[in-house]
Amino acid sequence: MTNLLPQLTAAADEAARIARGVTPDQLTGRTPDTEWDVRTLTNHLVLWTSYNFELRARGESVPDDWQQRDFTAEPGWAEAYAQQLDRAIAAWSDPKVWEGEVKMGDSSMPASAVAGMILLELVLHGWELAVATGQEIRVPGTVDAAVLGLVEEYAEMYRQYEGFAEARPTEPDMTMFDRALALSGRDPNWSAA
């Protein structure tokens, strides 16, 4: 896997834009993930794609108590998320970070694999947040292609850990992004309405 920094940067910018579009009255709304409301989804996205991502570049991980933190209850949370995404991308801009392994629990993974996981988090959960709050996600073709490739490569592993549902049917005329959504078990036509 190659250095995904350009795709991560574009996906982080889009996730920040989507977060800024979330209004307080939407936080209790439903999402494509039937177990999460908008608040839970947003807190997951903020924690893992910004704070966790920056700390992983330094060989650290988020404190356990942050997993219960309600970022959306904090004033200016969307701007804080955007700034934290910038810090995470800056941390991963160091070429040395991409050369090593990143500790994940009791084991280590190549940094590029961790970056791929974060790209999936940014884009797939970013899409969920966008559609749950009446927004559209805008992902460039290079991001689409990378996400589809990652989904195709890792879907079965993600399903083992219940990160993806069973794949949905795909059609030949689907966009790359819709194909990635379907292969990850998401319904590209899901609507909050």
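Residues numbered from 1 in each chain as written. Predicted model: local features only at pLDDT ≥ 70, side-chain atom pairs only at ≥ 80, totals over all residues. Heavy atoms only, no water.

Concerning the overall build of the chain
- Looking only at helices and strands, the chain features seven helices and two strands.
- Helices and strands in the chain line up, N terminus first, as α-α-α-α-β-β-α-α-α.
- Its C-alpha atoms give the chain a radius of gyration of 16 Å, within 12% of the compact-globule value 16 Å for 193 residues.
- Its C-alpha atoms give the chain principal-axis dimensions of roughly 45 × 40 × 30 Å.
- Expressed as a percentage of its 193 residues, the buried residues of the chain come to 48%. (Helix = DSSP H or I, 4+ residues; strand = E, 2+ residues; numbered from the N terminus. Rg over C-alpha atoms; globule rule 2.2 N^0.38 Å. Buried < 20%, exposed > 50% of the residue type's maximum accessible area, 1.4 Å probe, protein only.)

With respect to the pattern of salt bridges
- Tallying each qualifying case throughout the model produces eight salt bridges.
- Among the ionic pairs, E79 bridges to R20, the shortest N-O distance being 2.5 Å. Separated by 59 residues along the polypeptide, E79 in helix α3 (residues 77–92) and R20 in helix α1 (residues 5–20) bring together distant segments of the chain.
- Under the relative-accessibility criterion, E79 is labelled partly exposed at 38%.
- Close ionic contact of R39 with D70 constitutes a salt bridge, the shortest N to O distance being 3.3 Å. Pair noted here: R39 is in helix α2 (residues 38–57) and D70 is in the loop between α2 and α3, with a separation of 31 residues, a long-range link.
- A relative accessible area of 27% means that R39 is categorised as partly exposed. (Salt bridge = Lys/Arg side-chain N within 4 Å of Asp/Glu carboxyl O.)

Looking at the pairing of strand β1 (residues 101–104)
- Relative to strand β2 (residues 107–110), β1 runs antiparallel, the two sharing four bridges. Within β2, the position partnered with K103 by the bridge is S108.
- The hairpin turn running from β1 into β2, its antiparallel successor, is two residues long, and G105 in that turn takes a positive phi close to 70 degrees. (Pairing = 2+ DSSP bridges.)

Overview of the side chain of R56
- The residue R56 is located in helix α2 in this model.
- Look at R56: it is buried, it has no salt bridge, and the nearest opposite charge is D64 at 8.7 Å.
- With residues near it in sequence (within four places) discarded, R56 still touches S61, W92, V102, K103 and M104. (Lys, Arg positive; Asp, Glu negative; His and termini not counted. Contact = heavy atoms within 4.5 Å.)

Side note on the nonpolar core
- L8, W92, L119, L122 and V147 are the most contacted members of the largest nonpolar core, which totals 62 residues.
- Broken down by element, the residue count for this core peaks at 14 residues, all from helix α5 (residues 111–132).
- With sequence-adjacent residues up to four places away left out, W92 is seen in contact with L5, F53, R56, A57, V97, W98, V102, A111, V114 and A115. (Core = buried A, V, L, I, M, F, W, Y, C linked by side-chain atoms within 4.5 Å.)

Let's talk about unusual backbone geometry
- Of note, E162 is a non-glycine position whose phi angle comes to about 60 degrees, a positive value.
- Of note, E162 is situated in the loop between α6 (141–160) and α7 (176–183).

Some remarks on empty space enclosed by the protein
- For the structure shown, the criterion picks out one cavity of 30 Å³ or more.
- Roughly 40 Å³ of internal volume is contained in the largest cavity.
- Around the largest cavity, the lining residues are M109, A113, G116, M117, L120, Y154, M157 and Y158.
- Where the lining of the largest cavity is concerned, the elements lending two or more residues are α5 and α6.
- The element that contributes the greatest number of residues to the lining of the largest cavity is α5, accounting for four residues.
- Residue composition of the lining of the largest cavity, by class: seven nonpolar, one polar and no charged. (1 Å grid on protein atoms, 1.4 Å probe; cavity = no way out; pocket = protein on both sides within 12 Å on 5 of 7 lines; lining within 4 Å. Points joined across faces, edges and corners; volume = space filled by probe spheres on them. Nonpolar A, V, L, I, M, F, W, Y, C, P; charged D, E, K, R; others polar.)

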